[in-house]
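The chain contents come next:
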There are 2 protein chains.
Amino acid sequence: MTDTIVFTRGVPPTEAFPTRQLAECFTAALEGDTAVVLQYGQQQGYLPLRQELAKEYRVSEAEVLVGNGSLHLQDLLAAHLIRPGAVVFTEQPSYDRAITTFRRRGARVVGIPLESDGISVQHLEAALKKDVPAFLYLVPDFQNPAGATLSRQKRQRVVELANQYGFWVLEDIPYRKLRFQGEEHPLLREFDASRIVTLSSFSKLLSPGLRVGFMLAPAELIKAVTKLEEDTVLSPVLPSQAAVAEFIRRGWLQPNIDKLKALYRPRWEAMGNAVRRHLPGAQAFIPDGGFFVSVILPEAARTENLMGRAKDQGLVLTPGGPFFADPHDGQPVPSARFLRLPFCAVTPEQIEEGVRRLASLL
Amino acid sequence: MTDTIVFTRGVPPTEAFPTRQLAECFTAALEGDTAVVLQYGQQQGYLPLRQELAKEYRVSEAEVLVGNGSLHLQDLLAAHLIRPGAVVFTEQPSYDRAITTFRRRGARVVGIPLESDGISVQHLEAALKKDVPAFLYLVPDFQNPAGATLSRQKRQRVVELANQYGFWVLEDIPYRKLRFQGEEHPLLREFDASRIVTLSSFSKLLSPGLRVGFMLAPAELIKAVTKLEEDTVLSPVLPSQAAVAEFIRRGWLQPNIDKLKALYRPRWEAMGNAVRRHLPGAQAFIPDGGFFVSVILPEAARTENLMGRAKDQGLVLTPGGPFFADPHDGQPVPSARFLRLPFCAVTPEQIEEGVRRLASLL
């Protein structure tokens with residue numbers, strides 16, 4: 001068994017795409033609303049999709065912006081909120097592209113340690129004594145890259161701190177609906193939405209190629225980011241937004257999510273079991289959903305050139321470094337020992353064999 | 001006849017969209033290339049579309065980037081090329097959103113007077129004695145907003161100056177294929193492509209809602225802008241790019257362009273005739289194609305609150321101011337007397353009546 005096994009990308013497998021249904025929805029959208037879908041306009045996003053999202057999240061249409069993928073909305077939001085000298089806080093580790101975006105837009109990005117129940121509130125409070133960030137970026141459910149989920153108590157406390165110190169919280173929830181076990185916690189915005197921006201997308205629920213992401217926030221903030229989006233791209237790409245609206249209207253979204261969970265659950269179980277079996281000395285985060293298990297290898301593990309040695313064994317891994325921002329307390333971070341292990345696009349057999357290969361290298 | 005007549009937006013009318021054909025192309029693209037079209041990836045644009053464009057413009061695939069509309073590519077290119085303190089030259093007047101984009105990305109934007117055969121080379125040479133711009137932005141065919149087309153001789157001279165002084169030229173050609181009379185001039189890149197970036201899109205040839213724009217440039221520049229695009233949006237929206245590729249592959253693009261020209265030609269004739277008939281004292285630019293006629297009203301014309309007075313008469317006009325950058329020589333610009341008159345989305349009857357109303361206000 002020398003096939004290459006890829007533990008790198010947090011992407012859905014091709015068999016997860018509802019291709020035939022999406023094609024029907026594109027046709028219905030183009031023919032049903034030609035004058036809007038094929039024209040310039042709808043800068044805040046395709047109105048029927050904004051209406052669906054407003055209904056689901058119990059906000060007004062003025063509080064919803066739909067754009068060309070949530071990363072672009074994150075970039076525009078960063079451009080709007082980050083002023084020269086600004087600091088942004090993230091979990092440590094955090095989504096590598098978010099860290100890159102915030103730095104490119106001019107912020108110093110400071111990482112607050114992540115625990116198995118989410119960001120360390122103790123460290124967050126200590127960091128707030130030094131700097132009040134423009135915003136705190138969180139992936140509260142099945143975090144990318146670590147897999148951790150923020151506890152209910154910590155959610156409430158983060159919202160209190162945001163109101164007390166006056167910073168925004170970005171809750172990025174692309175994996176939230178892919179829960180394999182346990183109870184859902186409330187969104188941060190459900191405690192108090194006044195300082196919360198919620199980001200999500202249909203990349204993990206339908207298809208990433210559609211690039212349909214959305215943002216929920218107070219109307220004034222949505223207005224400012226929409227203006228910047230219009231200046232940058234004129235209008236969003238409308239056919240894919242209209243196809244998603246049609247998909248939801250037909251009642252096809254929840255059945256599709258159920259289908260995805262049935263596909264991913266055995267992979268999630270296989271990854272949890274393989275990590276427990278083959279990497280007993282590692283500190284493992286086994287999430288209740290999402291795309292990622294992660295491990296911090298034991299201090300004694302051989303990590304020199306681990307990516308290269310793994311590749312020689314037909315195992316592709318992602319280096320941990322890019323997931324780490326500047327540590328808030330100057331302490332060293334375990335980036336060389338951190339491994340993200342995405343399980344959705346690999347079969348249970350590949351998972352078992354891949355983790356076995358990894359263990360043999362340490 | 002008190003129906004409102006809108007002379008503001010350079011948009012195609014709904015009847016111009018090949019809706020049924022596009023729907024077929026979306027379905028074929030999704031079902032024919034699912035694993036690519038619905039996935040992350042193709043950061044430089046959907047490969048089969050890049051191949052079609054490479055073939056048409058006789059460049060390599062490495063010299064083609066396809067993104068979410070040409071304005072976004074322009075924004076990313078500006079982010080890459082504009083360094084602190086940079087100057088950008090445009091025609092005067094120029095596309096308002098381009099001026100805004102270059103300013104937002106940090107440039108001082110300097111306008112070089114436009115003549116009926118394109119940018120004034122004399123003024124350009126004078127301006128180059130003072131500043132060498134990061135780039136010169138041109139709409140050489142049926143210019144937005146004025147309608148002027150750059151002569152063959154001037155094209156050659158601009159390319160020589162770009163090479164001599166070392167600045168980039170952005171030739172933005174969204175209207176080029178909509179020529180109603182006369183002979184096409186060569187693209188600037190046909191004289192010497194080493195300092196040329198060509199921008200265009202399918203917004204005027206198929207549909208703006210698709211947001212499929214492209215850039216042709218030396219491979220190194222394409223690589224740098226693609227990196228920035230990936231950091232900003234991760235991947236472009238692929239279904240619409242794949243639908244356009246399919247549309248071209250089926251041989252449907254040129255017949256669609258012919259159909260558009262048949263639709264627009266009577267409107268173009270009506271606008272030219274109406275301007276000559278009703279605004280005899282104005283300096284008119286009657287183009288050989290594209291979307292826009294423009295006029296500079298006589299100095300004696302009453303322009304105080306012209307937009308407001310026109311609106312009261314059921315005529316919606318665009319103010320001229322935003323089309324003007326900083327004058328290179330400090331001379332006043334005729335922005336209050338400049339009017340862009342888009343003719344594609346209005347019928348010949350509306351055109352005749354709208355220009356008649358305009359004339360009555362002066």
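Each chain carries its own residue numbering, running from 1 in the written order of its sequence. For naming, the first written chain is A and the first written ligand is 1, with later ones following in the order written. Reporting of local features is limited, given that this is a predicted model, to residues whose pLDDT is at least 70; pairs of side-chain atoms are given and counted only at 80 or more, and all residues count toward the totals for whole chains, interfaces and linings. As a rule here, side-chain values come from all non-hydrogen atoms in the structure, and water together with hydrogens is ignored.

Enquirer: Summarise the overall build of chain A; cite the residues concerned and give the values.
Expert: The numbering of helices and of strands both runs from the N terminus, where a helix is a DSSP run of H or I of at least 4 residues and a strand a run of E of at least 2. Of regular secondary structure, chain A possesses 13 helices and 14 strands. A compact globule built from 362 residues would reach a C-alpha radius of gyration of about 21 Å, and chain A, at 21 Å, matches this within 12%. With respect to the principal axes defined by its C-alpha atoms, chain A has extents near 60 × 50 × 35 Å. Here the term buried applies to any residue with accessible area under 20% of the maximum for its type, exposed to any over 50%, and partly exposed to those in between, with areas from a 1.4 Å probe on protein chains only. When each of the 362 residues of chain A is scored for burial, the buried share is 61%. For chain A, the proportion of contacts with a sequence separation of at least 24, taken over those separated by at least 6, is 76%. Within the structure as shown, chain A displays about 13,000 Å² of accessible surface, and the carbon and sulfur contribution to it stands at 48%. It is over C-alpha atoms that the radius of gyration is taken, and the globule rule equals 2.2 Å times the number of residues to the power 0.38. Every residue pair with non-hydrogen atoms within 4.5 Å of one another is taken to be in contact. Using the Shrake-Rupley algorithm and a 1.4 Å probe, accessible areas are obtained, with residue cover drawn only from the displayed protein chains.

Enquirer: Could you give me a rundown of the packing of helix H4 (residues 70–81) of chain A against helix H5 (residues 96–104) of chain A, with the residues and numbers involved?
Expert: All names here are of chain A. It is the contact of H4 with H5, at a shortest axis distance of 9 Å, that shows an interaxial angle of 30 degrees. Judged by the inter-axis angle, H4 sits roughly parallel to H5. As for how H4 packs across H5, the hand of that crossing is right-handed. Contacts from Leu71, Gln74, Asp75 and Ala78 in H4 reach Arg97, Ala98, Thr101, Phe102 and Arg104 in H5. To obtain an axis, a line is fitted to C-alpha atoms, over the contacting stretch when the element is a helix, and the angle between two such axes runs from 0 to 180 degrees between their N-to-C directions. Roughly parallel covers angles under 35 degrees, roughly antiparallel covers those over 145, roughly perpendicular covers 65 to 115, and oblique covers all other angles. Put simply, a crossing is left-handed when the front helix is turned counterclockwise from the back one by less than a right angle, and right-handed when it is turned clockwise.

Enquirer: Go over the side chain of Gln74(A) with me, naming the residues and quoting the values.
Expert: For Gln74(A), the location among the structural elements is in helix H4. Leaving out residues up to four positions away in the same chain, Gln74(A) has contacts with Ala98(A), Thr101(A), Phe102(A), Tyr137(A), Asp172(A) and Leu199(A).

Enquirer: Give a detailed account of the UniProt feature "domain: Aminotransferase class I/classII large" (unreviewed entry) in chain A, specifying residues and quantitative values.
Expert: Here the UniProt-annotated "domain: Aminotransferase class I/classII large" (unreviewed entry) positions come out as residues 6–358 of chain A. Annotated as 42% helix and 17% strand, the span residues 6–358 of chain A places its first and last C-alpha atoms 12 Å apart. UniProt positions are given in the numbering used here, feature names are shortened, and annotations may be inferred rather than shown by experiment.

Enquirer: Which residues make up the sheet that holds strand E11 (residues 292–296) of chain A, and what values do they have?
Expert: Residues and elements named next belong to chain A. With antiparallel pairing, three strands are arranged side by side in an open sheet as E10-E11-E14. Single-partner strands in this sheet number two, and they are strand E10 (283–285) and strand E14 (338–342). Looking at each pair of strands side by side, their axes are set apart by 20 degrees on average, direction ignored. Any two strands are treated as partners once DSSP identifies two or more bridges connecting them. Note that E10 and E11 share three bridges and pair antiparallel. Bridging across to E11, Ala284 finds its partner in Val295.

Enquirer: Describe the side chain of Gln39(B), listing the residues and the values that go with them.
Expert: In this structure, Gln39(B) sits in the loop between helix H2 (34–37) and helix H3 (47–57). Throughout this description, a polar contact denotes any pair of N or O atoms lying within 3.5 Å of each other; where both atoms belong to protein, one of them has to be capable of donating a hydrogen while the other can accept it, and for residues adjacent in sequence the pair is counted only when both atoms sit in side chains. There is a polar contact of 2.7 Å between the side chain of Gln39(B) and the backbone oxygen of Pro12(A). When residues no more than four places from it in sequence are discounted, the contact partners of Gln39(B) are Val11(A), Pro12(A), Phe17(A), Pro208(A), Gly209(A), Thr34(B) and Leu238(B).

Enquirer: Hey, could you go over the interface of chain A and chain B for me, with residue numbers and the actual values?
Expert: Across the contact, 49 residues belong to chain A and 49 residues belong to chain B. By definition, the buried area sums, over both parts, the 1.4 Å-probe accessible area that each loses when the two are put together. Interface area for chain A against chain B, summed over the two sides, is near 4,100 Å², with a carbon-plus-sulfur share of 58%. For chain A, the biggest contributors to the area lost against chain B are Leu38(A), Tyr40(A) and Arg211(A); these three give 16% of the whole. Salt bridge, as applied in this entry: a Lys or Arg side-chain nitrogen positioned within 4 Å of an Asp or Glu carboxyl oxygen. Across the chain A-chain B interface, the total number found is four salt bridges. For the salt bridge of Arg20(B) with Glu31(A), the shortest nitrogen-to-oxygen distance reads 2.4 Å. The tally of links from chain A across to chain B stands at 21 residue pairs in polar contact (both at pLDDT 80 or more). Mapped by element, the contributors of at least two residues to the side of chain A that touches chain B are helix H1 (19–32), helix H2 (34–37), H4, H5, helix H9 (219–233) and helix H10 (238–249) of chain A. Considering each element in turn, the side of chain A that touches chain B owes the most residues, eight residues, to H1(A).

Enquirer: Give a description of the pairing of strand E8 (residues 196–201) of chain B that names residues and reports values.
Expert: All names here are of chain B. For E8, the buried fraction is high: six of the six residues fall into the buried class. Across four bridges, the pairing between E8 and strand E9 (residues 213–216) is antiparallel. Bridging from a neighbouring strand, Thr198 pairs with Leu216 of E9.

Enquirer: Can you explain the sheet that holds strand E10 (residues 283–285) of chain B? Please cite residues and give values.
Expert: Residue and element names in this part refer to chain B. An order of E10-E11-E14 is seen for the three strands of this open sheet, with the pairing classed as antiparallel. The sheet is open, and its two borders are formed by E10 and strand E14 (338–342), each paired with just one other strand. On average, each strand axis in the sheet is inclined to that of its neighbour by 20 degrees, with strand direction left out of account.

Enquirer: How would you explain the relation of the copies chain A and chain B if you had to name every residue and give the values?
Expert: Least-squares superposition of the copies uses the C-alpha atoms of those residues scoring a pLDDT of at least 70 in each of them. Each copy superposes on the other: chain A lies on chain B with an RMSD of 0.0 Å after a rotation of 180 degrees and an axial shift of 0.0 Å. Both copies of the chain, as the preceding transformation shows, are related through a two-fold rotation axis. Both copies present the same face, since 100% of the interface residues in chain A are matched by interface residues at the equivalent positions in chain B.

Enquirer: Can you tell me about the packing of aromatic side chains, naming the residues and giving the values?
Expert: Paired rings are identified among Phe, Tyr and Trp, the last through its six-membered ring, by centres lying within 6.5 Å, and are further divided according to the angle between planes into stacked (under 30 degrees), edge-to-face (over 60) and tilted (the rest). In total, this model carries 27 aromatic pairs over all chains according to the counting rule given. Pairing Phe324(A) with Phe338(A) gives two aromatic rings, centres 5.7 Å apart and planes at 80 degrees, and the pair type is edge-to-face. With Phe324(A) in the loop between strand E12 (315–317) and strand E13 (326–327) and Phe338(A) in strand E14, the pair connects residues that are 14 residues apart, well separated along the chain. Judged by its relative accessible area of 1%, Phe338(A) falls in the buried class. These aromatic residues form a ring-pair network of at least three members: Tyr175(A), Tyr264(A), Phe291(A) and Phe292(A). Both a distance and an angle decide whether a charge sits over a ring: NZ of Lys or CZ of Arg must be within 6 Å of the ring centre and within 35 degrees of the ring normal. Stacked on the ring of Phe291(A), the Lys or Arg Lys204(A) has its end atom at 5.8 Å from the ring centre. Sitting above the plane of the Trp168(B) ring, Arg195(B) keeps its charged end 4.9 Å from the centroid.

Enquirer: Explain unusual backbone geometry to me, using residue names and the numbers behind them.
Expert: All names here are of chain A. Across the junction of Gln92 and Pro93, the peptide omega takes the value 5 degrees, indicating a cis bond. With respect to the helices, strands and loops of the structure, Pro93 is situated in the loop between strand E3 (87–92) and H5. Unusually for a residue other than glycine, Arg58 sits at a positive phi of about 50 degrees. Tracing the sequence through the fold places Arg58 in the loop between helix H3 (47–57) and strand E2 (64–67).

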